[in-house]
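This is what each chain is made of:
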Amino acid sequence: MTATIPAWSAGLSTPSYGLVRAPGQIVFGEGCSAGLGDLVTRLGTRVLVCTDRRMGDDPAFRSLVDSLTRAGATVTVYTGVESELPVPSIEACVDRLGAGEPDVIVGVGGGSSMDFAKALAVLLTHGGSLRDYYGELRVPGPTYPVVAVPTTAGTGSEVTPVAVVTDPDQVLKVGIASPYLIPAVAVVDPVLTYGCPPALTAHTGADALAHCVEAFTAVRRPAETAALATSRVFVGKTVLTDLYALAGIELIARSLRRAASAAPDDEARRDMALAALYGGLAFGTAGTAAAHALQYPIGALTHTSHGEGVGLLLPFVMAYNASPELATVAAVLGADDAVTAVRQLMLDVGIRPTLADLGLRADQIDWVAASTMRVTRLLDNNPRPVGEAAARAIVAGAFAGDLSLGGTA
Ligand SMILES: NC(=O)c1ccc[n+]([C@@H]2O[C@H](COP(=O)([O-])OP(=O)(O)OC[C@H]3O[C@@H](n4cnc5c(N)ncnc54)[C@H](O)[C@@H]3O)[C@@H](O)[C@H]2O)c1
Ligand SMILES: [Fe+2]
């Protein structure tokens, strides 16, 4: 029997540098979350479970808590996770816990709940204020173990080294990025995503696609090879993350449209849960780039979801970058041109076509371009330098929905 070699394997990086950081255990599969209790109690028996109010009332969530209790855990449930993760809401949770510190923190939900669990673990372990840890590599050591259980198929936060929070004193959201934030265990059960409504599925799926494409087209840093694994959180394109990125793109091309339609489709949901996981494994080490950087100020102004913003921006950034890797992305998508194929996929699943549709005003474009320049952590990772004029041109293109506007700035 001959092994099947995927058509896109020719587009993998020449095996130069590889790095992938990941949880100690990743469990994937329909029904696997029924084993949550046994997985968690191996790490400790005093368990804090964090989620948002909606999920706290969900029968699936109650089953997860039952699994923990059956395994002998003493469980505290916190359902106060707020969208956008305001820093005071995380610090207030620490105050509420008082001396009753847990052995393990479980985050159940979308990216918000998992990021909450990670940020809380940093605070409970190392004290101080979350502000002390903004940026890269500022967490001084390991934290209480976090177990992440995603219920959306998108962020990949279950495997990544970052939590994104909102500081009331800063206009843009801020990241806390450190390998110490990578959850100890990720439990990815596609069944938990079956109830996501179409728009949420489309937005989170768009986020997963942006993770895969931005990781695969990220900058290469061969000159820094010796120090890369320790000097940076996000190291750029690597031969190991490429595998996950391309496998994720293939799954998304096959299944996002079906997953985001109103008709139930378990197979498509399973593909998307796996693709989101792959996206997290790819970008958690390689990093994301300009589409994510541009979404920060646009999200702050329009209060639209992270996933819809990055999904809308992605083809415009791809057109600007025009990186040679796009030929491989096109092959994986089964299309002649990666930019127009991604644009069409986003439109097909209902991502709004222009930034004007998201509520951005023409007189805000300059501010978005200027603010994006501050998101250096992500811009540094873009394969083509993005100055303020380029950012303005990309945003103007996405504002008008015209792919020809941003590419040549
Ligand atoms: N840490 C990372 O690596 C990373 C990566 C990308 C995005 N993010 C962050 O993640 C957040 C976005 O996360 P998200 O898009 O997963 O959404 P979310 O966690 O903000 O949740 C959005 C809504 O979906 C609901 N929801 C969750 N699961 C559901 C289900 N199964 N059925 C029905 N409703 C459900 C939630 O209750 C909530 O109301 C943003 O704060 C973003 O900055 C983090
Ligand atoms: Fe993202």
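Residues numbered from 1 in each chain as written. Chains lettered and ligands numbered in written order. Predicted model: local features only at pLDDT ≥ 70, side-chain atom pairs only at ≥ 80, totals over all residues. Heavy atoms only, no water.

Participant: Quick question: what am I supposed to make of the overall build of the protein here?
Facilitator: For the protein, the count of helices and strands is 16 helices and nine strands. Against the compact-globule benchmark of 22 Å for 409 residues, the protein has a radius of gyration of 20 Å, which places it among compact chains. When its C-alpha atoms are laid out on the principal axes, the protein stretches across 60 × 60 × 45 Å. Counting only residues that meet the buried cut, the protein has 56% of its 409 residues in that class. Residue pairs in contact within the protein that sit at least 24 positions apart in sequence constitute 79% of those at least 6 positions apart. Side chains of the protein give 28 positive and 39 negative charges; the mean places of these two sets differ by 2 Å. (Helix = DSSP H or I, 4+ residues; strand = E, 2+ residues; numbered from the N terminus. Rg over C-alpha atoms; globule rule 2.2 N^0.38 Å. Buried < 20%, exposed > 50% of the residue type's maximum accessible area, 1.4 Å probe, protein only. Contact = heavy atoms within 4.5 Å. Lys, Arg positive; Asp, Glu negative; His and termini not counted. Charge placed at Lys NZ, Arg CZ, Asp CG, Glu CD.)

Participant: Got a minute to help me understand the site of ligand 1 in this structure?
Facilitator: Lining the immediate environment of ligand 1, one finds 26 residues, of which Asp52, Ser112, Thr151, Thr152 and Thr160 sit closest. In the model, an oxygen atom of ligand 1 is placed 2.8 Å from a nitrogen or oxygen of the Asp52 side chain. Note that a nitrogen atom of ligand 1 is positioned 3.0 Å from one of the backbone N or O atoms of Leu192. Isolated, ligand 1 exposes 870 Å² of accessible area, and the fraction of that covered by the protein chains is 84%. Among the secondary structure elements, those contributing two or more residues to the shell around ligand 1 are helix 2 (53–56), helix 5 (111–126), strand 7 (162–165) and helix 6 (198–216). For the shell around ligand 1, a count of residues per class yields eight nonpolar, twelve polar and six charged. (Near = heavy atom within 4 Å. Polar contact = N/O pair within 3.5 Å; in protein donor to acceptor, adjacent residues only side chain to side chain. Areas by Shrake-Rupley, 256 points an atom, 1.4 Å probe, with all protein chains shown as cover. Nonpolar A, V, L, I, M, F, W, Y, C, P; charged D, E, K, R; others polar.)

Participant: Can you help me understand the nonpolar core in this one?
Facilitator: A general trend in soluble globular proteins is that nonpolar side chains are found buried together. Membership of the largest hydrophobic core comes to 79 residues, with the highest contact counts inside it found for Leu209, Ile249, Ile252, Leu314, Met318, Met346 and Leu355. The element contributing the most residues to this core is helix 9 (residues 266–286), with eleven residues. Counting contributing residues per domain, this core is built from domain 1 (25–193) and domain 2 (198–400), each supplying no fewer than three. If we skip the residues at most four places from it in the chain, Ile249 touches Leu209, Cys212, Val213, Val329, Val332 and Leu333. Formed by 28 residues, the second largest nonpolar core is a distinct cluster that contains Val81, Ala121, Leu130 and Val146. (Core = buried A, V, L, I, M, F, W, Y, C linked by side-chain atoms within 4.5 Å. Domains from an automatic or database assignment.)

Participant: I tried to follow the coordination of the iron ion (ligand 2) on my own but got confused; where do I start?
Facilitator: Metal coordination angles have textbook ideals: 109.5 degrees for a tetrahedral set of four donors and 90 or 180 degrees for an octahedral set of six. Asp207 (OD), His211 (NE2), His292 (NE2) and His306 (NE2) make up the full set of protein donors to the iron ion (ligand 2), lying at 2.1 to 2.2 Å. Taken together, the four donor atoms coordinating the iron ion (ligand 2) span angles of 85 to 166 degrees at the metal, a pattern that classifies the geometry as irregular. Each donor residue of the iron ion (ligand 2) belongs to the same chain, and together they define the spacing D-x3-H-x80-H-x13-H. Here His306 lies in helix 11 (residues 306–321) and Asp207 lies in helix 6, a separation of 99 residues in the sequence. A relative accessible area of 3% means that Asp207 is categorised as buried. Looking at His306, the relative accessible area reads 31%, which means it is partly exposed. (Donors = N, O, S within 2.8 Å, 3.2 Å for Na, K, Ca; no water. Tetrahedral: all angles 85-135°; square planar, octahedral: opposite > 155°, others 65-115°.)

Participant: Even after reading the chapter, I still don't get the layout of surface pockets, so can you show me in this structure?
Facilitator: Taken as a whole, the second largest pocket encloses approximately 270 Å³ of empty space. Taken together, Tyr134, Gly135, Gln170, Leu172, Lys173, Val174, Gly175, Tyr296, Arg374, Val375, Thr376 and Arg377 make up the lining of the second largest pocket. The set of elements that each furnish at least two residues to the lining of the second largest pocket consists of strand 8 (174–177) and helix 15 (376–379). (1 Å grid on protein atoms, 1.4 Å probe; cavity = no way out; pocket = protein on both sides within 12 Å on 5 of 7 lines; lining within 4 Å. Points joined across faces, edges and corners; volume = space filled by probe spheres on them.)

Participant: What should I look at first to understand the packing of helix 6 against helix 8 (residues 239–259) in this one?
Facilitator: Angle between the axes and distance between the axes are the two parameters that describe a pair of packed helices. Between helix 6 and helix 8, whose axes approach to 9 Å, the crossing angle comes to 155 degrees. Relative to helix 8, the element helix 6 is oriented roughly antiparallel. When you trace helix 6 past helix 8, the crossing you get is left-handed. Facing helix 6, whose interface residues are Thr201, Gly205, Ala206, Ala208, Leu209, Cys212, Val213 and Phe216, helix 8 presents Asp242, Ala245, Leu246, Gly248, Ile249, Ile252, Leu256 and Ala259. Along the lines of polarity and charge, the residues of the contact of helix 6 with helix 8 split into twelve nonpolar, three polar and one charged. (Axes fitted to C-alpha atoms, helices over the stretch in contact; angles between N-to-C directions. Parallel < 35°, antiparallel > 145°, perpendicular 65-115°, else oblique. Left-handed = near helix turned anticlockwise from the far one by under 90°.)

Participant: Would you explain the side chain of Thr143 in this entry?
Facilitator: Mapped onto the elements, Thr143 comes out in the loop between strand 5 (135–136) and strand 6 (146–150). Using a relative accessible area of 18% as the deciding quantity, one classes Thr143 as buried. Ignoring any residue separated from it by four or fewer positions in sequence, one finds Thr143 in contact with Ala121, Val122, Thr125, His126 and Tyr180.

Participant: What is the right way to read the sheet that holds strand 4 (residues 104–109) from this model?
Facilitator: Note: strands within a sheet are paired through backbone hydrogen bonds, in either parallel or antiparallel orientation. As summarised here, the arrangement of the six strands in space is 1-9-6-4-2-3, forming an open sheet in which the pairing is parallel. The open sheet has two edge strands with one neighbour each: strand 1 (25–28) and strand 3 (74–81). Sheet twist, expressed as the average angle between the axes of neighbouring strands with direction ignored, equals 15 degrees. Here strand 2 (residues 46–52) pairs with strand 4 via four bridges, running parallel. Within the sheet, the bridge partner assigned to Leu48 lies in strand 4 and is Ile105. (Pairing = 2+ DSSP bridges.)

Participant: I keep staring at the packing of helix 11 against helix 13 (residues 338–348) and nothing clicks. Help me out?
Facilitator: Between helix 11 and helix 13, the shortest axis-to-axis distance is 9 Å and the interhelical angle comes to 170 degrees. Put simply, helix 11 runs roughly antiparallel to helix 13. In this structure, helix 11 contributes Gly311, Leu314, Pro315, Phe316, Met318 and Ala319 to the contact, and helix 13 contributes Ala338, Val339, Val342, Arg343 and Met346. Split by residue class, the contact of helix 11 with helix 13 holds nine nonpolar, one polar and one charged.

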